[in-house]
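Secondary and tertiary structure notes
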Amino acid sequence: MSRWRWLLADQVGPHFLDDDAQRVLLVETRSLFARRRLHRQKAHLILSALRHRAAELGDRARLVRADTFREALAGLDEPVEVVHPTSRAALAFARTVDGLTVLPPRGFVTDRADFAAWADRRRGQLRMADFYRYALDRYDVLRDLPAPARRPRRRTPTDVPPPPPIVEDDIDARVRRDLDRWEAEGIRFVGRDGPRRHPATHAEAHARLTHFLDHRLPGYADTDGVLADGDGGLASSMLSSSFNLGLLDPEPAIRAAERAGRDGAAPPAAVHRFVRGLFGWREFLWQLYWYFAPRFRGVGWLAATRPLPDWFDHLDADAVEARCLADVLAGVRDTGWANQTARLTVLGNYGLQRGWRPADLADWFRRSFVDGADWVMNATVIGMSQYADLARIDTHPWAFDGTHVDRISGYCGGCRYEPAAALGNDACPYTAGFEAFLHRNRERLSADPRLAAELAERTDAQRREAVLAQEEKRGDEAP
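Residues numbered from 1 in each chain as written. Predicted model: local features only at pLDDT ≥ 70, side-chain atom pairs only at ≥ 80, totals over all residues. Heavy atoms only, no water.

**So, the packing of aromatic side chains**
Note the cut-off: The pairing test for Phe, Tyr and Trp rings, Trp by its six-membered ring, is centres within 6.5 Å, and the orientation test on the planes gives stacked under 30 degrees, edge-to-face over 60, and tilted for anything in between. Runs of H or I in DSSP of at least four residues are treated as helices and runs of E of at least two as strands, each being numbered from the N terminus. For each residue, the accessible area found with a 1.4 Å probe, counting protein chains only, is set against the maximum for its type, and the residue is called buried under 20%, exposed over 50%, and partly exposed in between. Whether a charge sits over a ring depends on NZ of Lys or CZ of Arg being within 6 Å of the ring centre and within 35 degrees of the ring normal.
Applying the stated criterion across every chain, the model contains 28 aromatic pairs. Taking the centre distance of 5.5 Å and the plane angle of 55° together, the rings of Trp 6 and Phe 69 count as tilted. With Trp 6 in strand β1 (residues 4–7) and Phe 69 in helix α3 (residues 69–76), this pair connects stretches of sequence that are 63 residues apart. Measuring from centroid to centroid gives 5.3 Å for Tyr 350 and Tyr 430, while their planes differ by 65°, and the two rings are edge-to-face. Pair noted here: Tyr 350 is in helix α14 (residues 340–354) and Tyr 430 is in helix α18 (residues 429–440), with a separation of 80 residues, a long-range link. When its relative accessible area of 1% is taken as the criterion, Tyr 350 is described as buried. Positioned above the aromatic ring of Tyr 289 is the side chain of Arg 88, whose terminal nitrogen or guanidinium carbon lies 4.2 Å from the ring centre. In this structure, Arg 138 is placed above the aromatic ring of Tyr 139, and the distance from its NZ or CZ to the ring centre is 5.0 Å.

**Here we look at the pattern of salt bridges**
Put simply, the test is: What makes a salt bridge here is a side-chain nitrogen of Lys or Arg within 4 Å of a carboxyl oxygen of Asp or Glu, nothing more.
Overall, the coordinates contain 42 salt bridges when judged by the stated rule. Connected through shared salt-bridge partners, Glu 28, Arg 30, Arg 51, Arg 65, Asp 178, Arg 181 and Glu 185 make up one network.

**Quick notes on the sheet that holds strand β3 (residues 61–66)**
In plain terms, the rule: Here, strands pair whenever DSSP counts at least two bridges between them. Note on geometry: axes are lines fitted to C-alpha atoms, helical ones only across the stretch in contact, with angles between N-to-C directions running from 0 to 180 degrees. Contacts were defined at the residue level, with two residues in contact if any of their heavy atoms lie within 4.5 Å.
Pairing is parallel across the open sheet formed by 5 strands, whose spatial order is β3-β2-β1-β4-β5. The open sheet has two edge strands, β3 and β5 (100–103), and neither has a second partner. Direction aside, the axes of adjacent strands within the sheet are offset by 30° on average. Across 4 bridges, the pairing between strand β4 (residues 80–83) and β5 is parallel. Bridge assignment links Val 83 to a residue of β5, and that residue is Leu 103. Each of β1, β2 (24–29) and β3 touches helix α2 (residues 40–57); the most contacted strand, β2, lies at about 150° to it. Strands β1, β2, β3, β4 and β5 of the sheet are contacted by α3, whose axis makes an angle of about 145° with β2.

**Remarks on the nonpolar core**
Rule in force here: Put simply, buried Ala, Val, Leu, Ile, Met, Phe, Trp, Tyr and Cys residues joined by side-chain atoms within 4.5 Å make one nonpolar core.
Grouped together as the largest cluster of nonpolar side chains are 68 residues, with contacts concentrated most on Phe 33, Leu 217, Phe 274, Val 275 and Phe 279. For Phe 33, the residues in contact, after removing those within four places along its chain, are Leu 38, Ala 43, Ile 46, Leu 47, Trp 182, Ile 187 and Phe 189.

**Topic: the confidence of the model for the protein**
Do not read the fine detail of predicted coordinates wherever pLDDT is low. How we decide: For every residue, the predictor reports its confidence as pLDDT, a number between 0 and 100.
A residue-level look at the protein finds 86% of positions with pLDDT of 70 or above and a mean pLDDT of 85. Low confidence marks residues 296–300, where pLDDT is under 50. Its contacts with residues over four positions away, or in another chain, come to 17 contacts.

**Side note on α18**
Rules: Between the first and last residue of a helix there are one fewer steps than residues, each counted as 1.5 Å, and that sum is the expected span.
With 12 residues, α18 ought to run about 16 Å at 1.5 Å a step, and its terminal C-alpha atoms sit 16 Å apart, in line with that. Burial analysis of α18 places 11 of its 12 residues in the buried class, which makes it a mostly covered element. Of all the residues in α18, the buried ones are Pro 429, Tyr 430, Thr 431, Ala 432, Gly 433, Phe 434, Glu 435, Ala 436, Phe 437, Leu 438 and His 439.

**Let's talk about the pairing of β4**
Residues Val 80 and Val 82 of β4 are buried on one face, and the alternating residues Glu 81 and Val 83, pointing to the opposite face, are buried as well. With 3 bridges connecting them, β1 and β4 associate as parallel partners. Within the sheet, the bridge partner assigned to Trp 4 lies in β4 and is Val 80.

**Let's talk about the environment of Gly 194**
Summarising the element assignment, Gly 194 is placed in the loop between α7 (170–184) and α8 (202–216). Distance in space between the C-alpha atoms of Gly 194 and Gly 336 is 10.0 Å, their sequence separation being 142 residues. If sequence neighbours within four positions are ignored, Gly 194 has contacts with Gln 41, Glu 168 and Arg 176.

**A word on the packing of α14 against helix α15 (residues 358–368)**
The criterion, for reference: Throughout this description, any angle smaller than 35 degrees is read as roughly parallel, any larger than 145 degrees as roughly antiparallel, any in the 65 to 115 degree range as roughly perpendicular, and the remainder as oblique. If you view the pair so one helix is near and one far, a crossing is left-handed when the near helix is turned anticlockwise from the far one by less than a right angle, and right-handed when it is turned clockwise. Each residue is assigned to one class: nonpolar for Ala, Val, Leu, Ile, Met, Phe, Trp, Tyr, Cys and Pro, charged for Asp, Glu, Lys and Arg, and polar for all the others, Gly among them.
One way to put it is that α14 packs onto α15 with a least axis distance of 10 Å and a crossing angle of 140°. In terms of their interaxial angle, α14 and α15 are classed as oblique. The element α14 and its partner α15 pack so that their crossing is right-handed. Contacts from Arg 343, Leu 347, Gly 348 and Gly 351 in α14 reach Leu 361, Trp 364 and Phe 365 in α15. Of the residues belonging to the contact of α14 with α15, the class tally is 4 nonpolar, 2 polar and 1 charged.

Written out as structure tokens, the structure reads:
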């Protein structure tokens, strides 16, 4: 008889099993939710995915509810195997359990040894674009598709039909009752409960992927860099939680997008954007997480030491007057999600300007987003967004003023702040915060051409002191 295959909560897709007869262990532990204050909808999605998978597998599966994973594994008293976990903490735990065999990773296309060999040969910093070119050739991806043409700077989102709806069932109803009971017993969440918006089964995720490839992929390039759009989803495939839960295998999705490009169903620019996100950034972040030592989390080149303020940590969007930040934060509160442009330009940018601790901000993203994972947020928040990794991930910090937000969105027209103003009652907190950030870090940022040019335009010592004093007074209050 085969060993038990322990499926973790982010390994619930069919590609984590080898055959239709395999015995499956699923573990639901309440301590996971008591340890950190997760978004309520993230907690719901995790439990729903686990319980739906158990229901799908029927008698082949054993769903164990225990205080700890170790207790659940000890109660099985048989040899167990698990696919390589996606966090260092989970892997370290797995290696302490007698009789538990750790299998190679799944759910990613690129190989750890290949990446390490490539990275060891590099001179200087590691860049996604360089790895992406290597990986495209190494794994024979997009070989026959022409490079995308340049697109106009300002683009209009394309009207598309809505994706297949998520219909909650009895399993979701039981999950909601359990979470309500846990809250009554003292477990705390952030964000609002709401109808489940993201797939919890492979069938739901596959339907969303098929819809995206058929309807959204053709216009996908036209929404690159869009901060906000009509339905909140045009600027993203909104499949990240399905890939990060293991509901979808990335390689078939990449190959399907390739076919759409070759068949003329989607323009090369759209296919390249989708594949770059899935096969470029996603693979790059996964490999970096394991390539760099754990101390990567604590570098802090810009010496950002301020804790997250309560209004941000608790998703109190109603306390915020800045329209862009209020809207994006409300979206996180209400849905546990925001597109990548909003994450970098609105949320991460504000934390960078205020000098919030990068590790705290990464933890906030991991807890507050339904697709949050340690291996993702470690690099995208600490490295890319907060520039706290000695520029190992990106060439520049993602710091922008309010005029940039104005260029890529329609927020500023209805905001009480003036996007071009850095001083006074109408000063945009992003524009003033950007100037204060430049002045506080001028020596560290002088090597970046864009920011060096911004600094060169700001030589008025009296204005500098006024901006710094104003923003110090603003502090971490909700803008």
